[in-house]
Amino acid sequence: MFNPYLPYPVRISDIRMETEDSMLRSFELEFLHEKDAKAFTYQPGQFAELSVPGAGESPIGIASSPTEGSKLLFTVFKAGTVTSRLHSLNVGDIMGVRGPLGNYYQLNE
């Protein structure tokens, strides 16, 4: 049974530095379980809670398109406790993603 309060486990598959001072990084996440990837359906404009073990959660907009496959992309500015801990993680590390949350952008309208 789906529980919206439990994050899906994901692995960091890629990290890209987006600025020279490394304050802005993009994290590509892949689901550990295929059933979770299929269950995580989102629309443009929605966000997710990124769960970093030992640090907590932070709401971050989903930067990837729902048409790009099962990997998720989040671009995160290093600003506080959770985002600083996220910036210290490496490719291969496990974390959580909860959502999707929020309203989405009505493309048809």
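Cut-offs applied
- Residues numbered from 1 in each chain as written.
- Predicted model: local features only at pLDDT ≥ 70, side-chain atom pairs only at ≥ 80, totals over all residues.
- Heavy atoms only, no water.
- Phe/Tyr/Trp six-rings, centres within 6.5 Å; stacked < 30°, edge-to-face > 60°.
- Buried < 20%, exposed > 50% of the residue type's maximum accessible area, 1.4 Å probe, protein only.
- pLDDT = per-residue confidence, 0-100.
- Helix = DSSP H or I, 4+ residues; strand = E, 2+ residues; numbered from the N terminus.
- Pairing = 2+ DSSP bridges.
- Axes fitted to C-alpha atoms, helices over the stretch in contact; angles between N-to-C directions.

Trainee: Looking at this structure, how should I read the packing of aromatic side chains?
Mentor: Aromatic ring pairs are defined here through the distance separating the ring centres and the angle between the ring planes. Summed over the entire model, instances satisfying the criterion amount to four aromatic pairs. Note on F31 and F40: the rings are 5.6 Å apart at their centroids and 50° apart in plane angle, and the pair reads as tilted. Taken individually, F31 and F40 each receive the classification buried, so the pair is uniform in this respect. Among the aromatic side chains, those forming a connected cluster through ring pairs are Y8, F31, F40 and Y42.

Trainee: Whenever I open this one, the confidence of the model for the protein confuses me. Can you help?
Mentor: Here the protein averages 92 in pLDDT, and 95% of its residues register 70 or above. Considering each helix and strand of the protein separately, the mean pLDDT is smallest for helix 1 (residues 34–39), with a value of 93, and largest for strand 2 (residues 24–31), with 98.

Trainee: Could you clarify how one ought to interpret unusual backbone geometry in this entry?
Mentor: Leaving glycine out, the prevailing phi sign among residues is negative, and the prevailing peptide bond configuration is trans. A cis amide bond links G99 to the next residue, P100, at an omega of 0°. Relative to the helices and strands, P100 resides in strand 6 (residues 94–101). With a phi angle near 60°, S22 is a residue other than glycine that sits in the positive phi range. Following the sequence through the fold, S22 ends up in the loop between strand 1 (8–17) and strand 2.

Trainee: Help me understand the sheet that holds strand 6 in this model?
Mentor: Backbone hydrogen bonds hold the strands of a sheet together, and the pairing may be parallel or antiparallel. Across the sheet, which stays open at both edges, the six strands sit in the order 4-3-6-1-2-5 with antiparallel pairing between neighbours. Whereas interior strands pair on both sides, the edge strands pair on one side only; in this sheet they are strand 4 (56–61) and strand 5 (72–77). Adjacent strand axes in the sheet meet at a mean angle of 40°, parallel and antiparallel pairs treated alike.

Trainee: Would you mind going over the environment of H33 with me for this structure?
Mentor: Its place among the elements puts H33 in the loop between strand 2 and helix 1. Put simply, H33 and P9 are 24 residues apart on the chain and 7.9 Å apart in space, counted from C-alpha to C-alpha.

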